[in-house]
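Below are the chains, spelled out letter by letter.
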Amino acid sequence: MRSVAVGQLYDPHRRHWAPVPIVRITHAGIHLALMIASPTDAEVEAVRSGVPRFAWIDAENVALLAWSFDPGIPWNDAPYSPHLEQAGDVPGIGTSARHPAVVTVVLVDADTGLVRAVRHTTWPCEFTAVVAESVTRMAAAAPDMNAMDSAMAELYIAYPDTAELVAMKANATCTGGQLIA
């Protein structure tokens, strides 16, 4: 994964993004891009210095990564499947699941494409192990877009609120670990 910096374009070839988060879990690293249209100062500060919380919900053919940054950004989520990674990227946790995993969180202004905040934190070993096992299992199975869509629809119908989804269905939750400068 290429590096990103505050004030720079997230992608030098794009100036506008759909306000949809991007989750990447590859051997090159774990990357969460929060695409928010005109983020407020409170949202920028939440990513920079709020308490990061994460949850992993495994729905067999797809998973959800949920996050919040307290105060400022309540629970939100995005689907993840190793079959949706970019060509050439190897899905999975690049480091041993016996070690905390480094997570890069990037807040992007979806209206301008500019990076507003970058933060590096870690997932504790126990959380990393759950995610690693789930990603490995999904990657070994044949991709089934219909099953992924169906699993997501079932979750969102049963739990239209991410906070409730996390409370009722999360396979693992954590508070972001050591902050990395």
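Heads up: the structure comes first, above all this text.
For clarity, every value in this text was computed on a predicted model and none was experimentally measured.

**Points about unusual backbone geometry**
Put simply, aspartate 70 and proline 71 share a cis peptide bond, and its omega is -5 degrees. Residue position: proline 71 is located in the loop between strand 4 (63-70) and strand 5 (73-80). For serine 38, which is not glycine, the phi dihedral falls at a positive 45 degrees. Assignment of secondary structure puts serine 38 in the loop between strand 2 (29-36) and helix 1 (41-49). We classify serine 38 as partly exposed; its relative accessible area is 46%. Located in the positive-phi region is glutamate 60, a residue other than glycine, with phi close to 75 degrees.

**Some points on the sheet that holds strand 1 (residues 22-26)**
Pairing in this open sheet of 4 strands is mixed, and the strands run 1-2-6-7 from one edge to the other. Of all strands in the sheet, those with a lone pairing partner are strand 1 and strand 7 (115-123), marking the two edges. Here the strands of the sheet are splayed against their neighbours by 15 degrees on average, with no regard to which way each runs. Its contacts with the sheet put helix 1 on strand 2, strand 6 (101-109) and strand 7, and the angle it makes with strand 7 is roughly 30 degrees.

**Considering the nonpolar core**
Formed by 32 residues in total, the largest nonpolar core has its most connected members in Ile25, Leu34, Phe54, Trp56, Trp67 and Trp123. Ranked by residue count, the leading element in this core is helix 2 (residues 125-140), at 5 residues. Excluding its chain neighbours within four sequence positions, the residues that come into contact with leucine 34 are Val47, Trp67, Phe69, Ile73, Val105, Val106, Leu107 and Val108. Grouped together as the second largest cluster of nonpolar side chains are 14 residues, Ile57, Ala59, Val62 and Trp75 included.

**Quick look at helix 2**
Across its 16 residues, helix 2 extends 22 Å between first and last C-alpha, which sits within 8% of the 22 Å expected from 1.5 Å per residue. Of all the positions in helix 2, only Phe127, Thr128, Val131, Ala132, Ser134, Val135 and Met138 are classed as buried.

**Overview of the packing of aromatic side chains**
Summed over the entire model, instances satisfying the criterion amount to 5 aromatic pairs. Here the aromatic rings of phenylalanine 54 and phenylalanine 69 are separated by 6.4 Å at their centres, their planes lie at 85 degrees, and the arrangement is edge-to-face. In this pair, phenylalanine 54 is assigned in strand 3 (residues 51-58) and phenylalanine 69 in strand 4, connecting sequence segments 15 residues apart. In this structure phenylalanine 54 comes out as buried when scored by relative accessible area, which is 0%.

Definitions and cut-offs
- Counting starts from 1 at the beginning of each chain's written sequence and moves along it residue by residue.
- With pLDDT at 70 or above as the cut-off, local features in this predicted model cover only qualifying residues; side-chain atom pairs require 80 or more to be listed or tallied, and sums for whole chains, interfaces and linings still use all residues.
- Only hydrogens and water are set aside when side-chain values are computed; all heavy atoms of the structure are taken into account.
- Only DSSP runs of H or I with at least four residues qualify as helices, and only runs of E with at least two residues qualify as strands; both kinds are numbered from the N terminus onward.
- Relative accessibility under 20% of the residue-type maximum defines a buried residue, over 50% an exposed one, and the middle range a partly exposed one, all with a 1.4 Å probe and only protein chains included.
- Between any two strands, pairing holds if DSSP finds at least two bridges.
- The convention used is that axes are lines fitted to C-alpha atoms, helices contributing only their stretch in contact, and that angles between N-to-C directions extend from 0 to 180 degrees.
- We call two residues in contact whenever any of their non-hydrogen atoms come within 4.5 Å of each other.
- By nonpolar core we mean a set of buried residues, namely Ala, Val, Leu, Ile, Met, Phe, Trp, Tyr and Cys, connected to one another through side-chain atoms within 4.5 Å.
- In this scheme, a helix's expected span is set at 1.5 Å multiplied by one less than its residue total.
- Two rings belonging to Phe, Tyr or Trp (six-membered ring only in the last case) form a pair when the distance between their centres is within 6.5 Å. Interplanar angles under 30 degrees mark stacking, angles over 60 mark edge-to-face geometry, and anything in between is tilted.

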